[in-house]
Amino acid sequence: MSEANCDLKEFDVSSSSAWQEYISSRLSAQGKRVAYGGYLERRSIYSRSAYFNTEVSETERNIHLGIDLWVEAGTKVLAAFDGEIHSFKDNRNYGDYGPTLILKHTINSVPFYTLYGHLSRESLRDLKEGTVVKQGQQIAVLGDASVNGDYAPHLHFQVIRDLQGNVGDYPGVSSLRDLEFYKKNCPDPNIILGL
């Protein structure tokens, strides 16, 4: 999704169905089932939504703070670590996460959080804050464009040191002005995923 990707000039990047066709064709051509990427990637797609866009380039949010895993809607989402449900919310702004789940973890007495965005609405049913989850346990399934902020189906996975009081939501896209803070507070998820 990088603005440096020349392929993006070949289709309507504001269309979730056009994105799905593009991703599916790329996966098929490579004989793969999952596409991934995006940490600190500058993306022009966010300009389609007033939620991210401003008239001042320094405050326009267009730098991605997580890793995206592009797979089919309905794909199971698993917990990256042992932890507990911190919070969840359906973030319904156009271009936002849609249904989102945040888990809290503690390793070697250090607390941190993982955010799972673009889930199905059914994934949020019957959840309770504080519920214990185990690493590898299914915690959700991916949603489709009708519920996930109008994107081709994918998981936004983000690691967060300090939620800063947020509940069920945390910025997944930064402005250039705020990037140094977010780089420290949201380390590269690929350290965990090893992709």
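Residues numbered from 1 in each chain as written. Predicted model: local features only at pLDDT ≥ 70, side-chain atom pairs only at ≥ 80, totals over all residues. Heavy atoms only, no water.

Trainee: Can you tell me about the pairing of strand S7 (residues 110–117), naming the residues and giving the values?
Mentor: Among the 8 residues in S7, 6 count as buried, and that is most of the element. As judged from the 8 bridges shared by strand S6 (residues 98–107) and S7, these two strands associate in the antiparallel manner. Within the sheet, the bridge partner assigned to Thr106 lies in S7 and is Pro111. Hairpin geometry of S6 and S7 is characterised by an intervening segment of 2 residues between the two adjacent antiparallel strands and by a positive phi of about 50° at Asn108. In this structure, S7 lies alongside strand S10 (residues 155–160), joined through 5 bridges in antiparallel fashion. What sits directly across from Tyr116, in S10, is Phe157. (Buried < 20%, exposed > 50% of the residue type's maximum accessible area, 1.4 Å probe, protein only. Helix = DSSP H or I, 4+ residues; strand = E, 2+ residues; numbered from the N terminus. Pairing = 2+ DSSP bridges.)

Trainee: Run through helix H1 (residues 16–30), naming residues and quoting values.
Mentor: Under the 1.5 Å per step criterion, the end-to-end length of H1 is 21 Å for 15 residues, consistent within 8% with the ideal 21 Å. Residues of H1 that are buried sit in contact with strand S1 (35–37) and strand S3 (67–70). Positive phi shows up at Gly31, right after H1, with a value of about 65°. (Expected span 1.5 Å × (residues − 1). Contact = heavy atoms within 4.5 Å.)

Trainee: Tell me what's going on with the sheet that holds strand S5 (residues 83–91), and back it up with residues and numbers.
Mentor: The antiparallel open sheet is built from 7 strands, whose spatial order is S1-S3-S10-S7-S6-S5-S8. Looking at the sheet topology across the chains shown, the edges are occupied by S1 and strand S8 (132–133). Taken together, the 3 bridges between S1 and S3 define a ladder with antiparallel strand orientation. Within the sheet, the bridge partner assigned to Ala35 lies in S3 and is Trp70.

Trainee: Pulling in residues and values, what's your account of the layout of surface pockets?
Mentor: Quantified by volume, the largest pocket comes out at close to 500 Å³. Lining the largest pocket are 25 residues, and of these Val34, Leu69, Val71, Thr75 and Lys76 sit closest to its centre. Secondary structure elements with two or more residues in the lining of the largest pocket: H1, S3, strand S4 (76–78), S10 and helix H3 (190–193). Here the lining of the largest pocket gets 4 residues from one element, more than from any other, and that element is H1. Partitioning the lining of the largest pocket into residue classes produces 18 nonpolar, 3 polar and 4 charged. (1 Å grid on protein atoms, 1.4 Å probe; cavity = no way out; pocket = protein on both sides within 12 Å on 5 of 7 lines; lining within 4 Å. Points joined across faces, edges and corners; volume = space filled by probe spheres on them. Nonpolar A, V, L, I, M, F, W, Y, C, P; charged D, E, K, R; others polar.)

Trainee: Before we move on, can you summarise the nonpolar core with the specific residues and values?
Mentor: Proteins that are soluble and globular tend to have nonpolar side chains buried together. Formed by 21 residues in total, the largest nonpolar core has its most connected members in Val77, Leu103, Tyr116, Leu119, Ile139 and Leu155. Listed by contribution, the elements that provide at least two residues to this core are S3, S6, S7, strand S9 (138–141) and S10. Examining the composition of this core, we find that 3 residues originate from one element, S10, more than from any other. Residues within four places of Tyr116 in sequence aside, it is in contact with Val77, Leu78, Ala79, Ala80, Pro99, Thr100, Leu101, Leu103, Ile139, Leu155, His156 and Phe157. Grouped together as the second largest cluster of nonpolar side chains are 12 residues, Leu65, Ile102, Leu115 and Tyr170 included. (Core = buried A, V, L, I, M, F, W, Y, C linked by side-chain atoms within 4.5 Å.)

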